[in-house]
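# Analysis of the macromolecular model
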Amino acid sequence: MTHVLHRQMRAIPPLAVSGHGIRLVDADGREYIDASGGAAVSCLGHGHPDVTRAMHEQIDRLAFAHTRFFSTPVAEELADVLIDTAPAGTSHVYFVSGGSEAIEAALKLARQYFVEIGEPQRRHFIARRQSYHGNTLGALAVGGNVWRRKQFAPLLIDVAHVSPCYEYRDRRADETPEAYGARLAQELEDEIARLGPGNVIAFIAETVGGATSGAIPPVPGYFRRMREVCDRHGILMIADEVMCGMGRTGTLHAVEQENFTPDIIAIAKGLGGGYQPIGAVLIQQKIIAALQRGSGFFQHGHTYLGHPVACAAALAVQQVIARDSLLDAVKARGAQLKQRLAETFGTHPHVGDIRGRGLFMAIELVADRATKAPFDPAARLHTHVLTAAMAHGLIVYPMGGTIDGSVGDHVLIAPPFITTAEEIDEIVRRLADTVEEALSAMPVATA
């Protein structure tokens, strides 16, 4: 019996009672390798002494002060650290309690920016199909996952959606990656023309596709082209790095590998590593300057903005990442993970694609490797993967609806930055056993 409204109501999940390193332990004493960091959250694993110490010290000093009345030293220090490592031109940070809140704040800030500069007619956002930006109403509206949106559609603002950058399935045989990227940029250009260039607020995209698409990296030059299109029409760019940011792909911000600077970046998961709920919005100076010249305030807010204990946890996480050179570790262990996945699944008849960056990798499961035909969604392969993985003492992040929100299956692998070489090998070995067990339950039929 439980009084908790769990995500799934037909089964009660195991009780997690402790964690150490990259492992979690349930109430029966069973250990699990956390090979997805929950949902790409636990970048330092569990029970890191430096982070828990910082939290205890902050609680002893001050647990809470409302930002209507006070700032705190720890929030100011964390902001300084984030600005020092942010893309050029970033001047301010807005703290929230998670990824969906970060996206909501980014959308409202982008809208307010245009009101402040005298362009209140701008009202449209453009996002990408099959994207995921969160579950609150604004974030869900810009998200492109059909299944998540469907029953709430009457409540959502109208958002235009263009094609994702999904090279495995959408690049034509006669296209180079660069030509494919150019085609997608033209699609954005055409959508802006349809809406009216002076009516569009921003284009929002995950730098590396996350939960609903499975670690899909952009083709070379894609984001630079999208930036050029937006700049031609005075449209802002919002990078959603809630999942792929804060070191997960081998650089602190995934946009660093794309050589473009967004106007707003939303971050969360790896910011605090799961030790406290925290997210943030990184904002370019031109947006701040517009607000300073105009109303002088951001018309938004929540009770727990800049929570001192959350800021203390995030500050400690970022200090550990820098001190222990964990971005280098992500690159090294990420290369190893990619290699081991290729060795294990590179010719597997039911693995169509191996993709991602750093410690943000995925495999896409298919019924037929040659045709890329997916499994029948009614078979719910991703749920079989989850069950088999847990039985093998492994936590990964499988998802269905990879292709269009209904069809397709992938498995996301996003272990903590502290994962060792030996643990990477063990993760892939258990994943191989998991996939074979899950596939054994599949009918031959395809979608």
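An account of the accompanying structure is given in this report.

Further remarks concern the side chain of serine 163. Relative to the assigned elements, serine 163 resides in the loop between β6 (160–162) and α7 (167–170). Engagement of the side chain of serine 163 in a polar contact is seen with the side chain of arginine 129, the distance being 2.6 Å. In contact with serine 163, not counting residues within four places along its chain, are Arg128, Arg129, Leu184 and Glu187.

Looking now at helix α14 (residues 381–391). Those residues of α14 that fall on the buried side of the exposure criterion are Leu381, His382, Val385, Ala388 and Ala389. Looking down the long axis of α14, one finds its buried residues gathered within 125° of arc, a one-sided arrangement. Against the buried residues of α14 lie β12 (360–365), β13 (394–395), β14 (397–400), β15 (409–413) and α15 (421–439). Glycine 393, located one to two residues past α14, shows a positive phi value of around 70°.

There is a patch of like negative charges on the surface, built from Glu76, Glu77, Asp80 and Asp84. Its location among the elements puts aspartate 80 in helix α3 (residues 73–84). On the basis of relative accessibility, which here comes to 48%, the residue aspartate 80 falls in the partly exposed class.

Read across the sheet, four strands follow the order β11-β12-β15-β14 without closing on themselves; strand pairing throughout is antiparallel. Edge strands, defined here as strands with exactly one partner in the open sheet, are β11 (351–357) and β14. Averaged over all pairs of adjacent strands, the angle between strand axes in this sheet comes to 20°, irrespective of strand direction. In this structure, β11 lies alongside β12, joined through six bridges in antiparallel fashion. Across the sheet, aspartate 353 pairs through a bridge with glutamate 364, a residue of β12. Lying on the sheet, helix α13 (residues 326–345) is in contact with β11, β12 and β15; it crosses β12 at an angle near 15°.

So, on to the nonpolar core. Counting 49 residues, the largest nonpolar core has Phe95, Ile126 and Phe203 as the members making the most contacts within it. Top element by residues in this core is helix α8 (residues 177–195). It accounts for six residues. The residues contacting phenylalanine 203, other than those within four sequence positions of it, are Ile126, Ala127, Arg128, Val162, Leu188, Tyr222, Met226, Cys230, Ile235, Leu236, Met237 and Ile238. If you look at the next biggest cluster of nonpolar residues, it comprises 46 residues, including Met55, Phe345, Ile363 and Leu365.

Scoring rules and cut-offs
Residues numbered from 1 in each chain as written. Predicted model: local features only at pLDDT ≥ 70, side-chain atom pairs only at ≥ 80, totals over all residues. Heavy atoms only, no water. Helix = DSSP H or I, 4+ residues; strand = E, 2+ residues; numbered from the N terminus. Polar contact = N/O pair within 3.5 Å; in protein donor to acceptor, adjacent residues only side chain to side chain. Contact = heavy atoms within 4.5 Å. Buried < 20%, exposed > 50% of the residue type's maximum accessible area, 1.4 Å probe, protein only. Arc of directions from axis to C-beta. Patch = residues over 30% accessible without salt bridge, like charges linked within 9 Å, V, L, I, M, F, W, Y side chains within 5 Å. Areas by Shrake-Rupley, 256 points an atom, 1.4 Å probe, with all protein chains shown as cover. Salt bridge = Lys/Arg side-chain N within 4 Å of Asp/Glu carboxyl O. Lys, Arg positive; Asp, Glu negative; His and termini not counted. Charge placed at Lys NZ, Arg CZ, Asp CG, Glu CD. Pairing = 2+ DSSP bridges. Axes fitted to C-alpha atoms, helices over the stretch in contact; angles between N-to-C directions. Core = buried A, V, L, I, M, F, W, Y, C linked by side-chain atoms within 4.5 Å.

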